[in-house]
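Letter by letter, the chains look like this.
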Amino acid sequence: MESQSYLPVPPGVGMEENFFSLDDILLSHERLPTRTECIFPRLGYLEKSTDSTDIMEVSNAFLPCIHCLVMDLYGAATVAGVEDCITADPNVVDLHKMGPYYYGLGSQMLHFDSPENPEIAHALLQTFIGRFRRTMDSSQNAYNEDTSALVEKLDCLEKALFKSGQSGLNGFQSWEKGQASQLTTSSLVLNYRKRKINDVQP
């Protein structure tokens, strides 16, 4: 059996988070447009566009998602708005360029008490529905090919779906060629047969 130095931990699903997952850690540091409601002393380093040591009251800033969640919890900041909602054909949009965690970040934004939450949820759902079939079709029709051009515009969730489709395709091709593992008798059945033979013998 092969040993790995790091066993990947899957990211949380939906609005759940898994703090042992590298994907969730990276997702929590994606920046969101935020409007602050009070002064945050000595947190100016979070906002890259200013040299101030503090985040000033009633200012617009791009802050990491994890900080926005805490600030929103205490009513100290609100997410200013949703950028890059897809209204055009979702199949032609480069989601990786918008952010490698497009769906994850969108689902995290549903934590905020915002009137835009239904629009965010609808945009995420329609984008996923619009891209799912093409993602799975391309994963099923790319056997022994370079797939880098196919996955370069995909979000991390879509890349995982693509990888799953490729794994299924490769398994099916191996089975079709007779290269799949042979069926063997279960150890439970073998032990049952031995027990039955021992019962019959005097």
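Look above for the structure.
Residues numbered from 1 in each chain as written. Predicted model: local features only at pLDDT ≥ 70, side-chain atom pairs only at ≥ 80, totals over all residues. Heavy atoms only, no water.

**Some remarks on the nonpolar core**
Put simply, the rule reads: Take the buried Ala, Val, Leu, Ile, Met, Phe, Trp, Tyr and Cys residues and link them wherever side-chain atoms come within 4.5 Å; each set so joined is a nonpolar core. We call a residue buried when its accessible area falls under 20% of the maximum for its residue type, exposed when it is over 50%, and partly exposed in between, using a 1.4 Å probe and counting protein chains only. Numbering goes from the N terminus for both helices and strands, where a helix is a DSSP run of H or I of at least four residues and a strand is a run of E of at least two. In this description, contact between two residues means that some pair of their heavy atoms is separated by no more than 4.5 Å.
By size, the foremost hydrophobic cluster in this structure holds 23 residues, and its most contacted members are Leu32, Leu63, Met109 and Phe112. Looking at this core, the elements with two or more residues in it are β2 (60-64), α2 (65-73), β3 (77-79), α4 (102-109) and α5 (117-140). Here this core gets four residues from one element, more than from any other, and that element is α4. Not counting residues up to four positions away in its chain, the partners in contact with Leu63 are Glu30, Arg31, Leu32, Thr34, Leu46, Glu47, Ile55, Cys68 and Met71.

**Focus on the environment of Met109**
Relative to the assigned elements, Met109 resides in helix α4. Since its relative accessible area comes to 9%, Met109 is described here as buried. The spacing of Met109 and Cys68 is 41 residues in sequence and 9.5 Å in space, taken between C-alpha atoms.

**Thoughts on the packing of α5 against helix α7 (residues 156-176)**
What counts is decided by this rule: Angles shown run from 0 to 180 degrees and are taken between the N-to-C directions of axes, each axis being a line fitted to C-alpha atoms and, for helices, limited to the stretch in contact. When the near helix sits turned anticlockwise from the far one by under a right angle, the crossing is termed left-handed; a clockwise turn instead gives a right-handed crossing. Side-chain classes follow a simple rule in which Ala, Val, Leu, Ile, Met, Phe, Trp, Tyr, Cys and Pro form the nonpolar group, Asp, Glu, Lys and Arg form the charged group, and the remainder, Gly included, forms the polar group.
Here α5 crosses α7 at 35 degrees, and the two axes come no closer than 8 Å. The element α5 and its partner α7 pack so that their crossing is right-handed. Here Phe128, Arg131, Phe132, Thr135, Met136, Ser138, Ser139 and Gln140 of α5 lie close against α7, whose contacting residues are Leu157, Glu158, Leu161, Phe162, Gly165, Gln166 and Leu169. The residue inventory of the contact of α5 with α7, partitioned by class, reads seven nonpolar, six polar and two charged.

**Quick look at the packing of aromatic side chains**
To keep it simple, the criterion reads: Any two rings among Phe, Tyr and Trp, with Trp reduced to its six-membered ring, count as a pair given centres within 6.5 Å; such a pair is stacked if its planes are under 30 degrees apart, edge-to-face if over 60, and tilted if neither.
Summed over all chains, the structure comprises four aromatic pairs. Ring centres 5.6 Å apart and planes at 85 degrees place the aromatic pair Tyr103 and Phe128 in the edge-to-face group. In this pair, Tyr103 sits in helix α4 while Phe128 sits in helix α5, placing the two residues 25 residues apart along the sequence. Under the relative-accessibility criterion, Phe128 is labelled partly exposed at 27%. When the centroid spacing of 5.7 Å and the interplanar angle of 35 degrees are considered together, the rings of Phe128 and Phe132 count as tilted. In this pair, Phe128 and Phe132 both sit in helix α5, four residues apart, roughly one turn of the helix. Taking the relative accessible area as the measure of exposure, Phe132 reaches 37% and is therefore partly exposed.

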